[in-house]
Amino acid sequence: MDEDDGDATGIYILFLALKTAVKLGTTKPLLDLGAKLYIPHFKHCSNYSVNLADEKDLECWIRTTALTAYHPVGTCAMESKTANIAGVVDRRLR
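Everything numeric in this text was worked out from a predicted model, so none of it was measured. (Residues numbered from 1 in each chain as written. Predicted model: local features only at pLDDT ≥ 70, side-chain atom pairs only at ≥ 80, totals over all residues. Heavy atoms only, no water.)

With respect to helix α1 (residues 8-25)
Here is the rule we go by: Strands here mean DSSP runs of E at least two residues long; helices mean DSSP runs of H or I at least four residues long; both are numbered from the N terminus. By this rule the span expected of a helix is its residue count minus one, scaled by 1.5 Å. Exposure is judged per residue with a 1.4 Å probe applied to protein chains only, and the accessible area is read against the type maximum: over 50% gives exposed, under 20% gives buried, and values in between give partly exposed. The reported arc concerns the directions from the helix axis to the C-beta atoms and nothing else.
Helix length check: α1, at 18 residues, gives a terminal C-alpha distance of 25 Å against a target of 26 Å (1.5 Å per residue), a fit within 8%. Within α1 the residues assigned to the buried category are Ala8, Ile11, Phe15, Leu18 and Val22. Axial view of α1: buried residues confined to an arc of 85°, hence all on one face. Every exposed residue of α1 that faces more than 90 degrees away from the buried side is listed here: Thr9, Ile13, Lys23 and Leu24.

Quick look at the structure:
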């Protein structure tokens, strides 16, 4: 992992998670059930393939496929006695 990268902590955590997922996904019980590891091919990762033993390849895989989970939320007005504004909750959150 690139130590100077501002995303190094996040990438490292995803790297560990990916290694764990690969380890679990290649256990005998899962293999006996027919589980197969899908290894994508990305033209900008080394030689169009991902080597699970190569840290740089895994980092490329992570950077290529990782997405953020955007979960939009809304806000609601609180009731205001002084401004005479109706709201969803009062100052006591009722």
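What to know about the nonpolar core
This is how it is decided: Residues grouped as a nonpolar core are buried Ala, Val, Leu, Ile, Met, Phe, Trp, Tyr and Cys residues, joined through side-chain atoms within 4.5 Å.
Residues Ile11, Phe15, Leu18, Val22, Phe42, Cys45, Leu58, Cys60, Trp61 and Ile62 constitute the largest nonpolar core, which totals 10 residues. Where this core is concerned, the elements lending two or more residues are α1 and α3 (55-65).

Concerning the pattern of salt bridges
Here is the rule we go by: By convention in these notes, a salt bridge is any Lys or Arg side-chain nitrogen within 4 Å of a carboxyl oxygen on Asp or Glu.
Under the definition given, this model contains two salt bridges. Between Lys28 and Asp32 there is a salt bridge, with its nearest N and O atoms 2.9 Å apart. Here Lys28 and its partner Asp32 are both found in helix α2 (residues 28-32), four residues apart, which amounts to about one turn of the helix. The residues Lys28 and Asp32 share a single accessibility class, namely exposed. Two residues, Glu59 and Arg63, come together in a salt bridge whose shortest N-O distance is 3.1 Å. One end of the pair is Glu59 and the other is Arg63, both in helix α3 and four residues apart, which spans about a single turn. You can call Glu59 buried: its relative accessible area is 8%.

Here we look at the environment of Leu93
Tracing the backbone through its elements, the reader meets Leu93 in the segment after α3. Taking the relative accessible area as the measure of exposure, Leu93 reaches 62% and is therefore exposed. Taking the C-alpha atoms as reference points, Leu93 and Met78, separated by 15 residues in sequence, lie 8.1 Å from one another.

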